[in-house]
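Understanding the architecture of this molecule
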Amino acid sequence: MSPQHDRTRRALLSALPSLTVVKMAFPTSASANTDNSLKTERTLVVYLSPSGNTRVIAGVIHRSLHSDLFEIEPAIPYPDDYFQTVEQTKIDRDLRPPLKSSVSNIERYQTIYLGFPVWGTTLPPVVQTFLTTHNQADKTLIPFITHGGYGVGNSEALLARLAPHARREQPLVIECDQERRTTEIVTRWLSTVSR
Ligand SMILES: Cc1cc2nc3c(=O)[nH]c(=O)nc-3n(C[C@H](O)[C@H](O)[C@H](O)COP(=O)(O)O)c2cc1C
């Protein structure tokens, strides 16, 4: 090895630790693309969650991605009681109940995470309203779906029909505790305790 080559090698070796620090301090251009601060402007988490299961997932995604968050709510609130809600949704089944509020400027979002519970083996009517009143064209739609043990039913097929121009990713599907089960257990228990 020539003395010149040796000097160059030693100089490179002694520079390595500082090179490592530089790499840690400044993201590469590839990691800069996944920088959450950039996603803030263009990722939206939208969800319906009258009994709270889907909200938990929406919160995790929202906090992880530093996204915007929007809760789908009907203009006329659902009843507090689980069984009354079930009855209400049977009435709404073929309707598109109006929303309490809409996402202003949906155009600025390129990616939309859409969370909803399965109702009556399909998409809840108010989520159908959301899809038909907000333009999904050319956006990436990433569903996250909760259900009470009977699976997603035809909700994915209906989603594809209502957002035909969106790029859809595989959904996250999670079985969550059903409010029905909890309500029945508590009601049974209440009837056994003396008042
Ligand atoms: C009106 C209504 C209808 C439902 N229909 C179904 C169904 O068809 N299949 C199923 O597995 N779960 C069904 N469930 C259970 C919910 O999908 C499940 O509990 C979901 O996690 C609730 O989400 P949330 O807590 O975010 O509202 C229904 C619940 C309600 C209130």
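A few points on the structure.

Reading guide: rules and limits
Residues numbered from 1 in each chain as written. Predicted model: local features only at pLDDT ≥ 70, side-chain atom pairs only at ≥ 80, totals over all residues. Heavy atoms only, no water. 1 Å grid on protein atoms, 1.4 Å probe; cavity = no way out; pocket = protein on both sides within 12 Å on 5 of 7 lines; lining within 4 Å. Points joined across faces, edges and corners; volume = space filled by probe spheres on them. Helix = DSSP H or I, 4+ residues; strand = E, 2+ residues; numbered from the N terminus. Nonpolar A, V, L, I, M, F, W, Y, C, P; charged D, E, K, R; others polar. Near = heavy atom within 4 Å. Polar contact = N/O pair within 3.5 Å; in protein donor to acceptor, adjacent residues only side chain to side chain. Areas by Shrake-Rupley, 256 points an atom, 1.4 Å probe, with all protein chains shown as cover. Sits in = over half its atoms within 2 Å of the grid points. Core = buried A, V, L, I, M, F, W, Y, C linked by side-chain atoms within 4.5 Å. Buried < 20%, exposed > 50% of the residue type's maximum accessible area, 1.4 Å probe, protein only. Contact = heavy atoms within 4.5 Å. Phe/Tyr/Trp six-rings, centres within 6.5 Å; stacked < 30°, edge-to-face > 60°.

1. What to know about the layout of surface pockets
If a probe as big as a water molecule is rolled over the atoms, it shows which places are left empty. Size it by volume and the largest pocket reaches roughly 1000 Å³. Y82, T85, P117, V118 and W119 are, among the 46 residues lining the largest pocket, the residues nearest its centre. For the lining of the largest pocket, the secondary structure elements donating two or more residues are α4 (53–65), α5 (82–92), α6 (125–133), β4 (140–147) and α8 (179–192). With 5 residues, the single largest contributor to the lining of the largest pocket is α5. Partitioned by chemical class, the residues of the lining of the largest pocket number 17 nonpolar, 17 polar and 12 charged.

2. Notes on the site of the ligand
Around the ligand there are 22 residues in total, and S49, S51, N53, T54 and T121 lie nearest to it. The separation between an oxygen atom of the ligand and a polar side-chain atom of T54 is 2.6 Å. A distance of 2.9 Å is found between an oxygen atom of the ligand and a backbone nitrogen or oxygen belonging to G148. Contact with the protein chains removes 93% of the 640 Å² of surface that the ligand exposes when unbound. Judged by its atoms lying within 2 Å of the grid points, the ligand is housed in the largest pocket. Put simply, the parts of the chain that give the shell around the ligand at least two residues each are α4, α5 and β4. It is α5 that contributes the most residues to the shell around the ligand, 3 residues altogether. Of the residues that constitute the shell around the ligand, the class distribution is 8 nonpolar, 13 polar and 1 charged.

3. So, the nonpolar core
Across soluble globular proteins, nonpolar side chains have a tendency to be buried as a group. Membership of the largest hydrophobic core comes to 28 residues, with the highest contact counts inside it found for I72, L114, V127, F130 and L131. Taken together, the elements giving at least two residues each to this core come down to β1 (43–47), β3 (111–117), α6, β4 and α7 (155–162). Among the elements that make up this core, the one with the highest residue count is α6 (4 residues). Counting residues in hydrophobic clusters, the runner-up holds 9 residues, among them V45, L65, Y113 and F144.

4. Notes on the side chain of Q178
With respect to the helices and strands, Q178 occurs in the loop between β6 (172–175) and α8. Of the polar contacts made by the side chain of Q178, one reaches the side chain of Y82; its length is 3.3 Å. When neighbours within four sequence positions are excluded, Q178 is seen to be in contact with Y82 and G148.

5. Some thoughts on unusual backbone geometry
Excluding glycine, residues mostly carry a negative phi; peptide bonds, for their part, are mostly trans. One non-glycine residue, H66, lies in positive phi territory at about 55 degrees. Secondary-structure assignment places H66 in the loop between α4 and β2 (68–71). Residue H66 is classed as partly exposed on the basis of its relative accessible area of 45%. In this structure, T121 is a non-glycine residue whose phi angle is positive, near 60 degrees. Positionally, T121 belongs in the loop between β3 and α6.

6. Some points on the packing of aromatic side chains
Taken as a whole, this structure holds 3 aromatic pairs when the rule is applied. A centroid spacing of 6.2 Å and a plane angle of 35 degrees characterise the contact between F70 and F130, whose relative ring orientation is tilted. Linking F70 in strand β2 with F130 in helix α6, this pair joins segments that are 60 residues apart in sequence. The same class applies to F70 and to F130, which are both buried. Between Y78 and W119 the ring centres are 5.1 Å apart and the planes differ by 80 degrees, which places this aromatic pair in the edge-to-face class. Here the residue Y78 occupies a position in the loop between β2 and α5, and W119 occupies one in the loop between β3 and α6, the gap between them amounting to 41 residues. As far as the burial class goes, Y78 and W119 line up, both buried.

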